[in-house]
Amino acid sequence: MALREGHEQLHAGDGGQILSEVASASHLREGREGVRTILRAIATLEPVPVRVLASKVRLPLPVTVAVIGELSARGMTERAPNGVRLTSAGASCVETICGDAGHDETTGLSAVLDDLAALRPQADVTLDQAKATVGTLVRRVNYLLKNDSLWGRRILFLGDDDFVSVAVARWVHQCAGGEPAGPTPTLTVVDIDGRVCDGIKKAAPSVQTFVHDLRKPLPDSLQHRFDVVFTDPPYTPGGAELFLCRAAEAVEHEGAHCFFSMGHLDPGGMRQVQAAISGIGWVIVEWIPAFNEYEGSSVLANVSLMAHLIATPEIAPTLRETYEGPLYTADVRPVIRVYRCLGCSAEWEVGQGKRWITVERLKEDRCPLCRSDRFLRARQYSRAEFEKPGGAQN
């Protein structure tokens, strides 16, 4: 969307105030995010018949008409022969708060992510880390753009061993090399792993990072501050509920967005996840199976879903204090794996409560007998199976 001649550029705060005023005056249940969606749709389609606009934004026609009436009263929209369009002031507002409504492709992004393999730390499987592919990072940035959740947004990443924040920061920097498509987003990462935060700061210095265990509530400085939350939590029902509660602490207003990835659990586990989503006050807008792909994450079949959630007026965390329940996969389904050394055939147990908690640690230490660092997984068993009379033995 090109700016019209003769308009005056608004400040972002002015645009946000207009959105809130229109939402209140028109009694729009979707709040200021709903007004933003309508303005952005007009900017993309103008001039657009009101019925087409209502269908596009998925709002009842009378509601859409009421919002347009309030926008028109404030000089933001006007009637045209073929529908409704933005005035110069409306174009300025959209440009200030949303950026270029038609600019939603990330051409060339994968080329500036070539160094991520070297910058991302080795996955810590005890934290359920698994690295998303570069193709997935590009899809995620595209998905943020498609859902008006990038330009001018305050975005919080709850856990980011994938470096999605880096992909967003580099896309913004790449756009800035030409003509930026919108106001610069602010990017903040909270992660328990200091290696992840250090790597992100090295790869994208503009990203603010905090080392913090999300079992504890967010610091006060990060509560009720964000428009968008992005999270790929531990793939357990408890992990999903905890991270979605911290996301609820973080968002500032109803209509805020949460982009939530989750492994494909069994029906009982997925029922618990969906109950947590609803119980906290999120509503599902879109649910895309097999959206994310990961490097070597065979336990997940290398994929997970993407859910786009919106905060309702009733948004409130169900977990407010420090969480002490099961969080990671090893907490819920503890497994001991036996690895055979390819140098001397000795077998070594790996898992919680053992000398090596991961095979990566075993490889770093090498075989105690022959010093080889090459191992093959021989078998595995649950701790419960081992603890039964006559159960598995080393």
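Just so it is clear, the model here is predicted, and its values are computed rather than measured. (Residues numbered from 1 in each chain as written. Predicted model: local features only at pLDDT ≥ 70, side-chain atom pairs only at ≥ 80, totals over all residues. Heavy atoms only, no water.)

## Notes on helix α10 (residues 237–250)
For α10, with 14 residues, the first-to-last C-alpha span of 20 Å sits near the 20 Å given by 1.5 Å per residue. With 12 of 14 residues buried, α10 lies mostly within the body of the structure. Where α10 is concerned, the buried positions are Gly-238, Gly-239, Ala-240, Leu-242, Phe-243, Leu-244, Cys-245, Arg-246, Ala-247, Ala-248, Glu-249 and Ala-250. Tucked inside the fold, the buried residues of α10 contact β3 (154–158), β6 (228–231), β7 (257–262), α11 (267–280), β8 (282–293) and β9 (303–311). (Helix = DSSP H or I, 4+ residues; strand = E, 2+ residues; numbered from the N terminus. Expected span 1.5 Å × (residues − 1). Buried < 20%, exposed > 50% of the residue type's maximum accessible area, 1.4 Å probe, protein only. Contact = heavy atoms within 4.5 Å.)

## Comments concerning the side chain of Arg-153
Positionally, Arg-153 belongs in the loop between α7 (134–146) and β3. The exposure class of Arg-153 is buried, given its relative accessible area of 2%. A distance of 2.7 Å separates the side chain of Arg-153 from the side chain of Glu-33, its partner in a polar contact. Excluding anything up to four places from it in sequence, Arg-153 contacts Glu-33, Arg-36, Asp-148, Pro-185, Thr-186, Asp-227, Val-228 and His-257. (Polar contact = N/O pair within 3.5 Å; in protein donor to acceptor, adjacent residues only side chain to side chain.)

## Digging into the confidence of the model for the chain
Per-residue pLDDT for the chain has a mean of 86; in total, 87% of the residues score no lower than 70. No element of the chain has a lower mean pLDDT than helix α14 (residues 383–387), at 50, and none a higher one than β6, at 98. Throughout residues 386–394 the model reports pLDDT below 50, and contacts reaching past four residues in sequence, or to other chains, amount to 11 contacts. (pLDDT = per-residue confidence, 0-100.)

## A short note on the pairing of strand β2 (residues 83–86)
In the sheet, strand β1 (residues 77–80) pairs with β2 via 4 bridges, with the strands oriented antiparallel. When the bridges of β2 are listed, Glu-78 appears paired with Arg-85. Hairpin connection from β1 to β2: 2 residues lie between these consecutive antiparallel strands. (Pairing = 2+ DSSP bridges.)

## Concerning the nonpolar core
Membership of the largest hydrophobic core comes to 72 residues, with the highest contact counts inside it found for Leu-150, Leu-158, Phe-260 and Trp-282. When near neighbours in sequence (up to four residues on either side) are disregarded, Leu-150 contacts Val-141, Leu-144, Leu-145, Ile-155, Val-168, Trp-171, Val-172 and Pro-185. Counting residues in each nonpolar core, the second largest holds 26 residues, with Ala-23, Ala-43, Val-50 and Val-57 among its members. (Core = buried A, V, L, I, M, F, W, Y, C linked by side-chain atoms within 4.5 Å.)

## Regarding the pairing of β7
Among the 6 residues that make up β7, 6 are buried, leaving the element largely enclosed by the rest of the structure. Residues of β7 alternate between two faces, with His-257, Phe-259 and Ser-261 on one and Cys-258, Phe-260 and Met-262 on the opposite face, all of them buried. Across 4 bridges, the pairing between β6 and β7 is parallel. Paired with Thr-231 across the two strands is Phe-260, which belongs to β7. Between the parallel pair β6 and β7, the chain is carried across by α10, and the sense of this crossover is right-handed. Where β7 and β9 come together, 6 bridges link them in antiparallel fashion. Each residue of the ladder has a partner; that of Phe-259, found in β9, is His-308. (Right-handed = clockwise from strand over helix to strand, strands pointing away.)

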